[in-house]
Amino acid sequence: MKSTRLLLLIGFLQDELAIPSASIDLAVRHHPDTPNLLPMILWQYGLITLKQLDRIFDWLETA
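Residues numbered from 1 in each chain as written. Predicted model: local features only at pLDDT ≥ 70, side-chain atom pairs only at ≥ 80, totals over all residues. Heavy atoms only, no water.

Enquirer: When you look at unusual backbone geometry in this model, what are you seeing that I'm missing?
Expert: As a rule of thumb, non-glycine residues mostly have phi less than zero, and peptide bonds are mostly trans rather than cis. In this structure, A18 takes a positive phi of about 55° despite not being glycine. Note on placement: A18 falls in the loop between α1 (4-15) and α2 (21-30). Here A18 falls in the exposed class, since its relative accessible area comes to 60%. (Helix = DSSP H or I, 4+ residues; strand = E, 2+ residues; numbered from the N terminus. Buried < 20%, exposed > 50% of the residue type's maximum accessible area, 1.4 Å probe, protein only.)

Structure below.
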């Protein structure tokens, strides 16, 4: 089961950054045991930009 924080992060990724669900699912499938690495995995696979990664980190600091 996904944690509340992860669900909030996924909601932010979809609603604020318009990251496709397929991209998020891909990152979660590759590392299901480490959801805290989701932003870095998305960036590593080229699914988000560095600017988007920065916005995600800013959101994580305040969430």
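Let us keep going from here.
Enquirer: What should I look at first to understand the side chain of Q52 in this one?
Expert: Note on placement: Q52 falls in helix α4 (residues 50-62). Setting aside chain neighbours within four positions, we find Q52 in contact with L17, I19 and L47. (Contact = heavy atoms within 4.5 Å.)

Enquirer: Got a minute to help me understand α1 in this structure?
Expert: Since one α-helical turn is 3.6 residues long, residues separated by three or four positions face the same way. Over its twelve residues, α1 extends 16 Å from the first C-alpha to the last, a length consistent with the 16 Å expected when each residue adds 1.5 Å. Tucked into the core, α1 has its buried residues touching α2, α3 (38-44) and α4. (Expected span 1.5 Å × (residues − 1).)

Enquirer: Before we go on, may I ask you to explain the packing of aromatic side chains in this structure?
Expert: Ring pairs (aromatic) are described by centroid distance and by the angle formed between their planes. Using the criterion set out here, one finds one aromatic pair in the structure. Relative to W59, the ring of F12 lies with its centre 5.1 Å away and its plane at 15°, an arrangement referred to as stacked. With a gap of 47 residues between them, F12 in helix α1 and W59 in helix α4 connect regions that are remote in the sequence. Considered together, F12 and W59 belong to a single accessibility category, that of buried residues. (Phe/Tyr/Trp six-rings, centres within 6.5 Å; stacked < 30°, edge-to-face > 60°.)

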